[in-house]
Amino acid sequence: MNPEYIDVILPLALANTYTYRLPEEFSAVVRVGMRVIVPFGNKKIYTAIVYDLHSQKPENFDPKEILTVLDKEPVVRKNQLKFWEWIAQYYQCTLGEVFKAAVPSGLKLESETIISAVPDFEAGSPLKPKEQQLLDILSSNGSMTVSELNREIDLKNVLPLAKRLMELGAIAINEEVKERYKPKTETYVRLTEYYNDSEKLETVFNELNRAKKQLDLLMFYLHQSRFFVKNDRQEISKRELLEKSGASLPIFNALIEKGIFEAYQKEVGRLDLSRKTATHPIHPLTEEQQRAYREIMEQFKQKQTVLLHGVTSSGKTELYIHLIEEVLKIGKQVLFLLPEIALTTQLTTRLKRAFGNKLGIYHSRFSDAERVEIWNNLLNNNGYQVILGVRSSVFLPFRELGLIIVDEEHENTYKQFDPAPRYHARNAAIVLASMCGAKVLLGSATPSIESYYNAQKGKFGLVELFTRFEGIQMPEILIADTKEAKRKKEMRLHFTPLLVQQMKNAMERKEQVILFQNRRGFAPYVECKSCACVPKCKNCDVSLTYHKATNQLTCHYCGYTIPVPEKCPACGNPALEAKGFGTEKIEEEVLELFPGVRVARLDLDTARSRKNYEKIITDFENGKIDVLVGTQMISKGLDFERVRVVGILNADSLLNYPDFRSYERAFQLMAQVSGRAGRKNNRGIVVLQTSDPLHQLILQVKQNNFREMYDIQLQERQLFSYPPFHRLIYIHVKGRDFNMVDKAAVYLAQGLRSVFGDRVYGPDKPIITRIQNLHIKKIMLKIEQEASFEKAKQLLNDVTAHTLANAAFKPVFIQVDVDPM
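Residues numbered from 1 in each chain as written. Predicted model: local features only at pLDDT ≥ 70, side-chain atom pairs only at ≥ 80, totals over all residues. Heavy atoms only, no water.

Caption draft 1: Geometry of unusual backbone geometry. Omega for the bond connecting alanine 420 with proline 421 falls within 30 degrees of zero, at 5°, which places this linkage in the cis form. Locating proline 421 in the fold gives a position in the loop between strand E16 (401–407) and helix H15 (425–436). That bond from proline 723 to proline 724 is cis: its omega, 15°, falls within 30 degrees of zero. Tracing the backbone shows proline 724 in the loop between helix H24 (706–719) and strand E30 (726–735). Even without a glycine there, the phi angle at lysine 489 is positive, about 55°. Its place among the elements puts lysine 489 in the loop between helix H17 (482–487) and helix H18 (497–508). Within the chain, lysine 510 stands out as a residue other than glycine whose phi angle is a positive 60°. (Helix = DSSP H or I, 4+ residues; strand = E, 2+ residues; numbered from the N terminus.)

Caption draft 2: Layout of the pattern of salt bridges. With the rule as written, the count across this model stands at 38 salt bridges. Note that aspartate 817 and lysine 415 form a salt bridge whose closest N and O atoms lie 2.9 Å from each other. Of the two residues, aspartate 817 is situated in strand E34 (residues 813–818) and lysine 415 in the loop between E16 and H15; the sequence distance between them amounts to 402 residues. Linked through salt bridges whose partners overlap, the residues forming this network are Glu450, Arg661, Glu664 and Arg717. (Salt bridge = Lys/Arg side-chain N within 4 Å of Asp/Glu carboxyl O.)

Caption draft 3: Structural detail: the nonpolar core. Ranked by internal contacts, the top residues of the largest apolar core, which has 151 residues, are Trp84, Ile404 and Met670. Once residues within four sequence positions are removed from consideration, tryptophan 84 is found in contact with Ile9, Ile49, Val76, Leu95, Val98, Phe99, Ala102, Val103 and Phe395. Formed by 23 residues, the second largest nonpolar core is a distinct cluster that contains Leu478, Phe581, Val599 and Leu649. (Core = buried A, V, L, I, M, F, W, Y, C linked by side-chain atoms within 4.5 Å. Buried < 20%, exposed > 50% of the residue type's maximum accessible area, 1.4 Å probe, protein only. Contact = heavy atoms within 4.5 Å.)

Caption draft 4: Region of the structure containing helix H8 (residues 212–224). With 13 residues, H8 ought to run about 18 Å at 1.5 Å a step, and its terminal C-alpha atoms sit 18 Å apart, in line with that. Considered for burial, the residues of H8 that qualify are Gln214, Leu215, Leu217, Leu218, Tyr221 and Leu222. The arc enclosing the buried residues of H8, seen along the axis, measures out at 160°, which places them on a common side. Exposed residues lying more than 90 degrees from the buried face of H8 are Lys212, Lys213 and His223. Phi for arginine 226, located one or two positions after H8, is positive at around 55°. (Expected span 1.5 Å × (residues − 1). Arc of directions from axis to C-beta.)

Caption draft 5: Geometry of the sheet that holds strand E19 (residues 476–481). With parallel pairing, the six strands of this open sheet are ordered in space as E19-E29-E28-E20-E27-E26. Each of the sheet's edge strands pairs with one partner strand only, and the pair in question is E19 and strand E26 (599–602). Across the sheet, the mean angle from the axis of one strand to that of its neighbour is 20°, orientation sign disregarded. Bridging between E26 and strand E27 (residues 627–630) involves four bridges; their strand directions are parallel. Bridge pairing in E27 links arginine 601 to valine 629. Contacts from H18 reach E19, strand E20 (512–516), E27, strand E28 (643–648) and strand E29 (685–690), with the element oriented near 155° to E29. The strands touched by helix H19 (residues 583–593) are E20, E26 and E27; relative to E26, the strand with the most contacts, the crossing angle is about 170°. (Pairing = 2+ DSSP bridges. Axes fitted to C-alpha atoms, helices over the stretch in contact; angles between N-to-C directions.)

Caption draft 6: Spotlight on helix H16 (residues 449–456). Counting buried positions over the eight residues of H16 gives seven, a clear majority of the element. Inspection of H16 places Ile449, Glu450, Ser451, Tyr452, Tyr453, Asn454 and Ala455 among the buried residues, and these make up the whole buried set. Just past H16, the residue glycine 458 takes up positive phi, approximately 90°.

Caption draft 7: Region of interest: the sheet that holds strand E22 (residues 545–547). Strand order across the open sheet formed by three strands is E22-E23-E24, with antiparallel pairing between neighbours. One side of each edge strand has no neighbouring strand; the edge strands of this open sheet are E22 and strand E24 (561–563). Pairs of neighbouring strands in the sheet enclose a mean axial angle of 30°, with direction left out of account. As defined by bridge partners, E22 adjoins strand E23 (residues 552–554) across three bridges and the pair is classed as antiparallel. Bridge pairing in E23 places histidine 547 opposite glutamine 552.

The following block contains the structure:
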């Protein structure tokens, strides 16, 4: 019996799946994981994923029919849907939110609003000029999309105008489905069917005797396409034919007009998998690496997850390559996760050398269409066996996953913050691997305290590698006392004499320098010297960051931007000055201290596009840049053999942050940045600038003493009930009305205390109390490791649902962040 109804996942934050009636014409072909087009709400049309098929009619509503089925085969595998369910359940979000995050936008059709004129409309009173203009455009063009009308009338939003005309009965509005993904095609060339016969082709040679260039092009085509070789004819594109033959377009068109050539469109894809990439034998492992490799393989026999704790430049990547090769030998796939897109550039080159066309790269800097083609490649088993990607890669449709490598596993960029699902890719990868019967290798020079604790307790395997490749020593870390240098008036701009001297020495030796400052822009804020006024964002409770290159003040939370005021907006005096320093200012100061030196910046401002960050990294690698200034983008995983000196300009800013993980993160960042120095040939030098050279953590970084930092932080976390001894959930209450948010947060906290008692903390104001005009209150929930986390989340769900059901709190919404970072 064919199913009569289907439950689908809509790309919306709905509490449940939604049921539709299945027309008889589709009942035999539709399957779980296929895409269907469905109506939902007021004339809206969505792409939905089939979740279940059944014959049980809903009791409380009359289901609508689906409009059509988009696929012949499922685009989402059943094991992916199982993984989506776990993400939704664990991270307290909906399946629709997981769907939106998991599937490339190009696979989701969207409905676009179409506006058309009503033919018989007669205005009862004169229309306004813009209304008449809109009606005239629609009358001459027929129906148009909202975006097309916005461009035509030069308005940011034509909808208010359209709403008024719709009320008058002058226009009609409906929804049209728009396909985002279009396969890439290219024009190819072949002989027309008539001339596919060799005898008839000979007559052409005689006809073209007087048209030598046309004959040359024809002969070139016959040679390139191997026309006369039976069973081995090659397709040739128009572009390739013209480029290689040197013929002009008019000559080509003449052969088309004479009926000798014909052009046709062929789907070519954006990934260019036809071009074979030469592979090279992988490098043999050193004795220490071989020991680590054997230990990992041995640990995998008992443990699903193994932590590789290897110091910077110990050759972890080479170990990864050998492990990948072993997995590929048994026909399984590998997912290689990285925390930053910037890291993919260097690693791609190394992995391409080893695995060639078996390697695919997946991240947000690729276009929607490219991401769709990678998705389809994996879905149809068309070649990719190793995927290198960032956190969203865990959602790809792997056929048979054998290994997941999570490099730099300690990085907080593996955690998704907004929008939901607020998942942690490392933890999600471990669950995904257990579902697929795969193994997980976590790698880091500075493991997260939670992962190291799990390894110490035996939950994970642990393999340690404390020798740098080729026996290179760990960098020498020199502490520069900024407080003392300022007292003696020895500071040169934001550089201590020690750092200036070390930079000078490196440049004289034709070596490179990396300078780390974890704040982009020129200065964190500007302040009036007269009244101390600081310009703030109108949408967020933060000061505006000064960007000198554009002469603008910008909010890094909502993007609000204004030109730098000539006068103080409060007192009117022309006395605004920049305070603090960011990467832009350091770049300027380097040029002031070392005129003529080649300086570049690597931060979010300079690396917004894929080409930009690739160019910066490649130029630095090739010695075209002497000094690279950057934020945490330069702190991990990058390998530059000419870098001898690293400068950490402001270690204090990393320490003085109100978060229980601040010391752990500061240690990780400083140790990782230090690891960029002296990776080949000579021992590196790190100059760490701080006003507190005897600070406990600074000394731990200097001695590269991870274990001491870990022991101290673990004691503190046990004392104050933080991970890994307790699990955390942050509940954020948000809304535009501060008083309403405050009341809702108090009400929610009271409800939570009635269930969880003293495990509830808050409501408190977060560090930033308003973002994008939404006021925020934060509640923290601490759950013991021994307690049922699932039961706790269910109780939390009940209390939040009860709060939102209160009509007084209708304008407020609640966000839940499980295992926050």
